[in-house]
Amino acid sequence: MRENNQIFALDIGTRSIVGIILEKAEQAFVVKKVVMKEHKQRAMLDGQIHDVTAVAHIIGEVKKELEEEFGPLTKACVAAAGRSLKTEEASATVSIKGRKLEKDDIIHLELMAIQKAEQQIKNKFDDVNAEYFCVGYSVLYYYLDGQKIGSLIDQIGNEASVDIIATFLPRIVIDSLATALKRCNLDIEALTLEPIAAIHVLIPPSMRRLNVALVDIGAGTSDIAITDQSTIVNYGMVPVAGDEITEAISDQFLLDFPMAEEVKIQLTDQDTVTIKDILGFEQTMERAEIIQSISPAIDHLATKITEEIFRLNGLKSPKAVMLIGGGSLTPGLDERVAEKLNLPKNRVAIRGIDAIQNFPLEGVEVTGPEMITPIGIAVYAKQNPLQFKTVYVNEIPVRMFEVKKLTVGDCLIQAGVKLSQLYGKPGLAKIITVNGKAMTISGSFGSPPLLLKNGQACSLDDYVNDGDIISAEKGNDGKSVELALKDLLNDFRKNITFNGDHYEILPTAKVNGQTVTEDYIIKDRDIIEWRELNRVQDLLSQLHLVPEPFILKINDQETTIPQKSDKVLKNGKEVPLNTPFADKDVIEFIQAAPPTVEELAFLLNWQLETSLPITFNGKDVLLKKKITVIKRDGIELEKTSRIYNKDSLIVEHITYKPFIFQDVFRFADFELPSNPNGDYLILKNGEQATFIEELEPGDQLEIKWLAKHSNE
């Protein structure tokens, strides 16, 4: 028989089962023995036992080997795998018109979303009668009238919404664990969740106020748990882990799976690895070369893990990440996780059992990250096992696992109470017709439900204890509301600024064809008509302004020039004419000035002229010639000529011809000598040339007069 201070724990994983005997010694735990046996067939899938007989057989082998040294074992501490948790996103929306949101309203909204997430999971897995326990949830976004908002507290609007991500534990997982142990003559001594167990030994309560992600990377899955605000806020799983790296090594080097697994293990502490493939060829390779060849698989694993961390953590990076499990030893994985989470490298760490406080390492053969979860199960399941609590909701007993502090809201959800039906119904509405469309004026909102815990008023987030009695009574219905016409029109009054002047835009209304005052009390079935200026084009029409596009006919083809068309700005930003405007908007109407020929050419990417820099008789000269001619009514326009809307232009693009020497005389001052008799030389770059010589940029041109010979 084992002594009372010894603990037997089982870590039932996808590939293997680990049995561990821990001994409590004063203020610490000591590992006495660890036994690991691999499954002989695929008996586990996603953390759930699919072949109870096969799993029980391996449990029996582990138990038998431990019993040879420690005597009969009759009870075991076990954990539900984090990969058995079901995570789902859901949304909920409530109408809030006419009231300010309070804390209980927001909790009620979040719990509605959790109920919807649970139903989505049941529909997804086609087990509508299955029992699920919500073990945590996080709010992704709040919305007010369709717009994201940081907090809904004290907000006023028409509609409030929330997106949440919730995690559920299927009851069948617990039942299958118990059945497998029973076949080995074992009872569940204590039960926990693997992520909770690992966090408990690795992240003490004093550290849980920090936003930290713990990732347990096993063979087939990577389990994730998130801490924040002194508690565990969420759990999740991705179906990729160490086996993906092993398979990449196998595919890359033609190795069977066991050999590839051995190569992966050697990569953690050896600089060179000798590989013998299935064809019998043997080679010794550098560690870095192997890692480089499987880099895509490592990157894929890091990507999947970080994407799930983002999702579980409200789409933001945690402060730090701890990696445990055998798969965490994948070379370079920690650095890639840090990079993808935009964290410094020293904020992502692989943690072994040396990181566990008050845990001596004497006699422990394996101290790596793969031992964190088995030790966590042994320690935490014994100290803080999951417990059932029975709470009575409207006199009906409800049994729940206490994976976190249970609240009144949790109890209502588990009891199947439809939270959306607890609020009183709104008062009778009035149906009116406004400008030909039916409109409903809702009555006042019903009151929130009356919640009592043990006869005392309570809130949805109040904690509960075993045996508490909760009652939930539907709130009172609302009443019909009196509404004056001015109350309806006030929403449509607008004060705007137009081109620097202030305007009040007021709708005019008639009720049942008659003009009435703004104090008229609206009755059911009233027909109300009004005309409201609510778009920019309506406002411009009232002010007799018509924005026109700038259109030219160029060579008989119409062309619109947007840059020179009239513009309308709303709050400094150009908008189309059908854009709605709102109260306090600033609207400007800008008529663009007619462009010059030069400006138009720039807008249409026309080159009006070409130029060539040269030197003539020692002076810099810039030769120019037109290559585009623009005419209006047959008259050639200058660069500074204005172009007006709806002008008809003829544009001629002249074929480019090179500049020649004689073009210089149109741009350079050239004086004949006082006595021009005699010969002269035409020089280009010091070489004799002619007046029709083609020129290049930078050419040096010169005309030299020669003295007349004395014998002439």
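Now for a description of the structure that goes with this document. (Residues numbered from 1 in each chain as written. Predicted model: local features only at pLDDT ≥ 70, side-chain atom pairs only at ≥ 80, totals over all residues. Heavy atoms only, no water.)

Counting its regular elements, the protein chain contains 14 helices and 43 strands. For a compact globule of 712 residues, the expected C-alpha radius of gyration is about 27 Å, and the protein chain comes in at 41 Å, more than 25% above that figure. In the protein chain, which comprises 712 residues, the proportion classed as buried is 46%. Contacts in the protein chain between residues at least 24 apart in sequence constitute 63% of all its contacts with a sequence separation of at least 6. Here the protein chain displays about 37,300 Å² of accessible surface, and carbon together with sulfur accounts for 48% of that area. (Helix = DSSP H or I, 4+ residues; strand = E, 2+ residues; numbered from the N terminus. Rg over C-alpha atoms; globule rule 2.2 N^0.38 Å. Buried < 20%, exposed > 50% of the residue type's maximum accessible area, 1.4 Å probe, protein only. Contact = heavy atoms within 4.5 Å. Areas by Shrake-Rupley, 256 points an atom, 1.4 Å probe, with all protein chains shown as cover.)

Taking 1.5 Å of rise per residue, the 19 residues of helix α1 (residues 52-70) would be expected to cover 27 Å, and the 26 Å separating its terminal C-alpha atoms lies within 8% of that figure. Looking only at α1, the buried set comprises A54, V55, A56, I58, I59, V62, K63, L66 and F70. Where α1 terminates, the next one or two residues include G71, which has phi positive at roughly 85°. (Expected span 1.5 Å × (residues − 1).)

With that settled, consider the packing of helix α5 (residues 242-253) against helix α8 (residues 295-312). Running from N to C, α5 and α8 point in directions that differ by 165°, and their axes come no closer than 9 Å. In this view, α5 runs roughly antiparallel relative to α8, as classed from their interaxial angle. In this structure, α5 meets α8 at a crossing whose hand is right-handed. Packed against α5, whose contacting residues are E244, I245 and A248, the element α8 presents A297, I298, H300 and L301 at the interface. Considering only residue class, the contact of α5 with α8 consists of five nonpolar, one polar and one charged. (Axes fitted to C-alpha atoms, helices over the stretch in contact; angles between N-to-C directions. Parallel < 35°, antiparallel > 145°, perpendicular 65-115°, else oblique. Left-handed = near helix turned anticlockwise from the far one by under 90°. Nonpolar A, V, L, I, M, F, W, Y, C, P; charged D, E, K, R; others polar.)

Moving on, we come to the packing of aromatic side chains. Scanning the entire structure with this criterion turns up seven aromatic pairs. Ring centres of F498 and Y503 lie 6.4 Å apart, and the angle between their planes is 75°; this geometry places the pair in the edge-to-face category. Their ring planes at 75° and their centres at 5.8 Å tell us that F661 and F691 sit as a pair that is edge-to-face. Taken together, the residues F661 in the loop between β40 (648-653) and β41 (680-684) and F691 in the loop between β42 (687-688) and β43 (700-705) connect sequence positions 30 residues apart. By relative accessible area, which is 0% here, F661 ends up buried. Among the residues examined, F691 registers a relative accessible area of 27% and is labelled partly exposed. Ring-pair connections join several aromatic residues into one group, and the members of that group are F616, F661, F665 and F691. If you follow K625 out to its NZ or CZ, it ends over the ring of Y656, 6.0 Å from the centre. (Phe/Tyr/Trp six-rings, centres within 6.5 Å; stacked < 30°, edge-to-face > 60°. Lys NZ or Arg CZ within 6 Å of the ring centre and 35° of its normal.)

Counting across every chain of the model gives 21 salt bridges. Between D585 and K570 there is a salt bridge whose closest N-O contact spans 4.0 Å. Note that D585 is positioned in the loop between β34 (573-574) and β35 (586-590) and K570 in strand β33 (residues 567-570), a separation of 15 residues in sequence. In this structure D585 comes out as buried when scored by relative accessible area, which is 8%. When salt bridges with common partners are traced through the structure, they connect E89, E308 and R311 into a single cluster. (Salt bridge = Lys/Arg side-chain N within 4 Å of Asp/Glu carboxyl O.)

The next subject is the nonpolar core. Among the nonpolar cores identified, the biggest contains 62 residues, and L10, L22, I59, L186 and I375 are the most heavily contacted of them. Examining the composition of this core, we find that seven residues originate from one element, α1, more than from any other. The residues touching L10, leaving out its near neighbours within four places in the chain, are I17, V18, G19, I59, V62, A76, C77, V78, A79, L181, L186 and I377. Residues I107, M112, L144 and V417 belong to the second largest nonpolar core, which totals 41 residues. (Core = buried A, V, L, I, M, F, W, Y, C linked by side-chain atoms within 4.5 Å.)

All right, on to the side chain of T227 then. The topology assignment puts T227 in strand β13 (residues 222-228). Here L210 takes part through its backbone oxygen, which lies 3.0 Å from a polar atom of the side chain of T227. Each residue touching T227, except ones within four places of it in the same chain, is listed here: I199, I203, R208, L210, N211, V212, I232 and V233. (Polar contact = N/O pair within 3.5 Å; in protein donor to acceptor, adjacent residues only side chain to side chain.)

Pairing analysis gives five bridges linking strand β26 (residues 494-498) to strand β27 (residues 501-505), with the strands arranged antiparallel. Bridge pairing links I496 to Y503 in β27. The turn joining β26 and β27, which pair antiparallel and follow one another in sequence, is formed by two residues; a positive phi near 45° is taken by N499. (Pairing = 2+ DSSP bridges.)

This brings us to unusual backbone geometry. The phi torsion at L315 lies on the positive side, around 60°, for a residue other than glycine. With respect to the element layout, L315 can be found in the loop between α8 and β17 (320-324). The partly exposed category is assigned to L315, whose relative accessible area is 42%. Phi at D556 is positive, roughly 70°, even though this residue is not glycine. Positionally, D556 belongs in the loop between β31 (551-554) and β32 (557-560). Here D556 falls in the exposed class, since its relative accessible area comes to 66%.

Take a nonpolar patch on the surface next. Side chains of L254, I278, L279 and F281 sit close together on the surface and give an oily, nonpolar patch of about 460 Å² of accessible area. Taking the relative accessible area as the measure of exposure, L254 reaches 41% and is therefore partly exposed. (Patch = residues over 30% accessible without salt bridge, like charges linked within 9 Å, V, L, I, M, F, W, Y side chains within 5 Å.)

Across the sheet, which stays open at both edges, the five strands sit in the order β22-β21-β30-β28-β29 with mixed pairing between neighbours. Each edge of the open sheet carries a strand with a single partner, namely β22 (437-441) and β29 (514-515). Pairing of strand β28 (residues 508-511) with strand β30 (residues 527-531) involves four bridges; the strand directions are antiparallel. Bridged to V511 within β30 is I528.

Following the sequence through the fold, S641 ends up in the loop between β39 (635-636) and β40. Engagement of the side chain of S641 in a polar contact is seen with the backbone nitrogen of E638, the distance being 3.0 Å. With residues near it in sequence (within four places) discarded, S641 still touches P595, T596 and V597.

Between α5 and helix α6 (residues 257-266), the shortest axis-to-axis distance is 8 Å and the interhelical angle comes to 110°. As far as their axial angle goes, α6 and α5 are roughly perpendicular. Contact residues: α5 offers G242, D243, I245, T246, E247, I249 and S250, while α6 offers F257, A260, E261, V263 and K264. Its residues assigned to classes, the contact of α5 with α6 comprises five nonpolar, three polar and four charged.

Read across the open sheet, the five strands follow the order β14-β13-β12-β17-β18; overall the sheet is mixed. Edge strands, defined here as strands with exactly one partner in the open sheet, are β14 (231-238) and β18 (348-350). Neighbouring strand axes in the sheet, compared pairwise and without regard to direction, differ in orientation by 20° on average. As paired strands, strand β12 (residues 212-217) and β13 are joined by six bridges and run antiparallel to one another. Bridged to L214 within β13 is A225. Together, β12, β17 and β18 form the strand contacts of helix α9 (residues 333-340), whose direction differs from that of β18 by roughly 160°.

These values are about where atoms sit, not about what they do.
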